[in-house]
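Fold and geometry: a report
The primary structure of each chain is shown beneath.
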Amino acid sequence: MDAPDMNVGKAADSVLAEYSALRAELLHKLGAQSTIINLNLTAIAGIAGIVIAQKADIRLLLLLPMISGALGLLAYDAARDVTTIARYIRDQLAPLVAQYVGDRRLFQYEAHLLQDRGVLRRLLPSVVTGLVFPGISLGCLYVAWPYLQTPLDWTAWGLGTVLLTLNATAWLTLWQRRV
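The structure displayed is predicted, hence computed values, not measured ones.

What follows is about the packing of aromatic side chains. Considering all chains together, one arrives at three aromatic pairs under this definition. Look at Trp145 and Trp154: their rings are 5.1 Å apart centre to centre, the planes differ by 90°, and that puts the pair in the edge-to-face class. Relative accessible area serves as the criterion here: at 43%, Trp145 is assigned to the partly exposed category. Ring centres of Trp154 and Trp157 lie 6.3 Å apart, and the angle between their planes is 65°; this geometry places the pair in the edge-to-face category. Taken together, the residues Trp154 and Trp157, both in helix α5 (residues 151-178) and three residues apart, mark about one turn of the helix. For Trp154, a relative accessible area of 38% corresponds to the partly exposed category. Classification of Trp157 by relative accessible area gives partly exposed; the value is 22%. Ring pairs connect the aromatic residues Trp145, Trp154 and Trp157, which therefore count as one cluster.

Next up on the list: helix α1 (residues 8-53). The terminal C-alpha atoms of α1 lie 66 Å apart, and with 46 residues this matches the ideal 68 Å at 1.5 Å per residue to within 8%. A positive phi of about 55° marks Lys55, the residue just after α1.

This part takes up the packing of α1 against helix α2 (residues 63-101). Relative orientation of the contacting elements α1 and α2 amounts to 160°, with a least axis distance of 9 Å. Relative to α2, α1 is oriented roughly antiparallel. With respect to the hand of their crossing, α1 and α2 are arranged in left-handed fashion. Here the contact of α1 with α2 is built from residues that sort into 31 nonpolar, three polar and five charged.

Phi at Lys55 takes a positive value of approximately 55°, unusual for a residue other than glycine. Assignment of secondary structure puts Lys55 in the loop between α1 and α2.

Moving on: the environment of Val51. Summarising the element assignment, Val51 is placed in helix α1. Through-space distance from the C-alpha of Val51 to that of Leu61 is 7.5 Å; in sequence the pair is 10 residues apart. Beyond its immediate sequence surroundings of up to four residues, Val51 is in contact with Ala56, Asp57, Ile58, Leu60 and Leu61.

The tendency in soluble globular proteins is for nonpolar side chains to be buried as a group. Grouped together as the largest cluster of nonpolar side chains are 12 residues: Ala11, Ala12, Val15, Leu22, Leu26, Val82, Ile85, Ala86, Ile89, Leu93, Val97 and Tyr100. Of all the elements in the fold, those that place two or more residues in this core are α1 and α2. The element best represented in this core is α2, accounting for seven residues. Core analysis: the second largest hydrophobic core is formed by 10 residues, Leu71, Tyr76, Phe133 and Leu174 among them.

Time to look at the environment of Arg104. Turning to its location among the elements, Arg104 is positioned in the loop between α2 and α3 (109-116). With relative accessibility at 64%, the residue Arg104 sits in the exposed group. Linking Arg104 and Ala94, residues 10 residues apart in sequence, is a C-alpha distance of 8.3 Å.

A side chain of one charge can pair with a side chain of the opposite charge if their charged atoms are brought near each other. Applying the stated criterion to the full structure yields seven salt bridges. One salt bridge in this structure joins Asp77 and Arg80, with 2.5 Å as the shortest N-O distance. Placement of both Asp77 and Arg80 in helix α2 is noted, with a separation of three residues, approximately one turn of the helix. Measuring nitrogen to oxygen at the nearest pair gives 2.9 Å for the salt bridge that ties Asp91 to Arg90. When salt bridges that share partners are traced, they join Glu25, Lys29, Asp77, Arg80 and Asp81 into one network.

Cut-off values and rules
Residues numbered from 1 in each chain as written. Predicted model: local features only at pLDDT ≥ 70, side-chain atom pairs only at ≥ 80, totals over all residues. Heavy atoms only, no water. Phe/Tyr/Trp six-rings, centres within 6.5 Å; stacked < 30°, edge-to-face > 60°. Buried < 20%, exposed > 50% of the residue type's maximum accessible area, 1.4 Å probe, protein only. Helix = DSSP H or I, 4+ residues; strand = E, 2+ residues; numbered from the N terminus. Expected span 1.5 Å × (residues − 1). Axes fitted to C-alpha atoms, helices over the stretch in contact; angles between N-to-C directions. Parallel < 35°, antiparallel > 145°, perpendicular 65-115°, else oblique. Left-handed = near helix turned anticlockwise from the far one by under 90°. Nonpolar A, V, L, I, M, F, W, Y, C, P; charged D, E, K, R; others polar. Contact = heavy atoms within 4.5 Å. Core = buried A, V, L, I, M, F, W, Y, C linked by side-chain atoms within 4.5 Å. Salt bridge = Lys/Arg side-chain N within 4 Å of Asp/Glu carboxyl O.

Shape descriptors only; they carry no functional weight alone.
Okay, here's the thing in structure tokens:
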């Protein structure tokens, strides 16, 4: 049995509908990532403020590697999805639109964005975000180290170290994908 002839208009409409859905998903992921970053910065300011201004126990800083670690992995997940969606649009949907419409100049924003942004400009948001999560964790673990006394302190420090390692690995992986 032969396959029916493709209706180019319907195919192009399907690709454009998929594009619209993916762009909406991309914007949703970017919004989620922004919210996660803001939550992390609020936690950093709140806990560090209490420790510094109130002269509270420095071991309270051990909360930040756990909070930043968990939020950092969530932010990484959103950033990875954004990168995946953008690549799919550029590598899969743009060629289909060009094929169906017969004009390669259409649907080229993703490719234009990559050409317009140098390596540093592409990596800068990932570097900053990556440093906010693992960087804060590393700083807090380092500062709290001399004050660890109880098994609970050491457990919190160990959990923070595990989350720091996971975060650093995740963000390094994303940086390599974006180069």
